[in-house]
Amino acid sequence: ETFNCETLSDLITKLAEALRHSSPVTGHFVYQVYRELTELFLFSIKQYQITIVSEDILRQHWEDSFSTFDSVSAAFEYLTNTWIQLLKDHQQHRQKSQSKSVLLAKQYINEHYAEALTLEKIGQVVGLNPSYFSNIFRKESGCTFIDYLTEIRMKNARQLITDTDLEIIEIAEQTGFHDLKYFSRCFRKITGMTPAAYRKLFS
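Residues numbered from 1 in each chain as written. Predicted model: local features only at pLDDT ≥ 70, side-chain atom pairs only at ≥ 80, totals over all residues. Heavy atoms only, no water.

> Would you explain the side chain of T144 in this entry?
Tracing the sequence through the fold places T144 in the loop between α6 (130-141) and α7 (145-163). For T144, a relative accessible area of 19% puts it in the buried group. At 3.0 Å, the side chain of T144 and the backbone nitrogen of D147 are in polar contact. (Helix = DSSP H or I, 4+ residues; strand = E, 2+ residues; numbered from the N terminus. Buried < 20%, exposed > 50% of the residue type's maximum accessible area, 1.4 Å probe, protein only. Polar contact = N/O pair within 3.5 Å; in protein donor to acceptor, adjacent residues only side chain to side chain.)

So this is what it looks like as structure tokens:
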């Protein structure tokens, strides 16, 4: 669940050691434990929706490989290394997907900043639940969703203030603010001056 590969490796190593020092222990018994472990692993990754190649192909490959090992340690070390590689591959794929999700979210915000945007709305767009999306957005962007949305709105507001003759209230509405006082407060917080003073200075 936590992708703690080091702990996984330690547990399998201890199991192999316990089997090696059990007396008496047959090859058939070791094989049964080996198979139980593979089934448990496959069940676990399915529970946590971890994407891997065909389950049947993996199961058959692991079973066929058992006869090639010359010791208990070699058999379980092989399983450990294979599982860790599968988990790492899944993590890398998930991280790339997350990055794509954040890029898609930013693109959507840049194009729809004037609309009433919420975490729920953006989550639907990128296919992630709001809480999870919020966490990865902050992690990868270094700011919250609201901070990024406000930054984009303010950027466009500054441009409209200096490049058009629109009233401040119209600019506020066109950039997603429907409360002029709140717009002015956000604008002053970011620029250090009121919208009117900004227009006078930079127009």
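> Any chance you could explain the packing of helix α5 (residues 119-126) against α6 here in plain terms?
Two quantities define a packed helix pair, namely the angle between the axes and the distance from one axis to the other. Close contact between α5 and α6 brings their axes to 9 Å; oriented N to C, the two are set at 85°. Taken as axis vectors, α5 and α6 run roughly perpendicular relative to one another. Residue-level inspection shows L119, E120, I122 and V126 of α5 in contact with α6, the latter providing P130, F133 and S134. Class assignment for the residues of the contact of α5 with α6 results in five nonpolar, one polar and one charged. (Axes fitted to C-alpha atoms, helices over the stretch in contact; angles between N-to-C directions. Parallel < 35°, antiparallel > 145°, perpendicular 65-115°, else oblique. Contact = heavy atoms within 4.5 Å. Nonpolar A, V, L, I, M, F, W, Y, C, P; charged D, E, K, R; others polar.)

> Could you clarify how one ought to interpret the side chain of R59 in this entry?
Its place among the elements puts R59 in helix α3 (residues 55-66). R59 sits in the buried class, given a relative accessible area of 17%. A polar side-chain atom of R59 sits 3.1 Å from a polar atom in the side chain of D56. In this structure, R59 is in contact with E39 and L42, ignoring residues within four places of it in sequence.

> Where do I start with the nonpolar core in this structure?
Here is a general trend for soluble globular proteins: nonpolar side chains tend to be buried in one another's company. Ranked by internal contacts, the top residues of the largest apolar core, which has 25 residues, are Y34, W62, F76, L79 and W83. Contributions of two or more residues to this core are made by α1 (5-20), α2 (27-47), α3 and α4 (72-112). At eight residues, the largest contribution of residues to this core is made by α4. Listed in part, the 16 residues of the second largest apolar core include Y108, I122, I136 and F145. (Core = buried A, V, L, I, M, F, W, Y, C linked by side-chain atoms within 4.5 Å.)

> Would you take a moment to explain the pattern of salt bridges for this structure?
Side chains that carry opposite charge are capable of pairing whenever their charged atoms lie near each other. The tally for this structure, following the rule as stated, stands at four salt bridges. Between R59 and E39 there is a salt bridge; the shortest N-O distance is 2.5 Å. A residue pair is termed long-range when its members are at least 10 positions apart, and R59 in helix α3 and E39 in helix α2 qualify at 20 residues. A salt bridge links R59 to D56; the nearest nitrogen and oxygen atoms lie 3.1 Å apart. With a gap of three residues between them, R59 and D56 both fall in helix α3, about one helical turn apart. Shared partners join several salt bridges into a network, and the residues in it are E39, D56 and R59. (Salt bridge = Lys/Arg side-chain N within 4 Å of Asp/Glu carboxyl O.)

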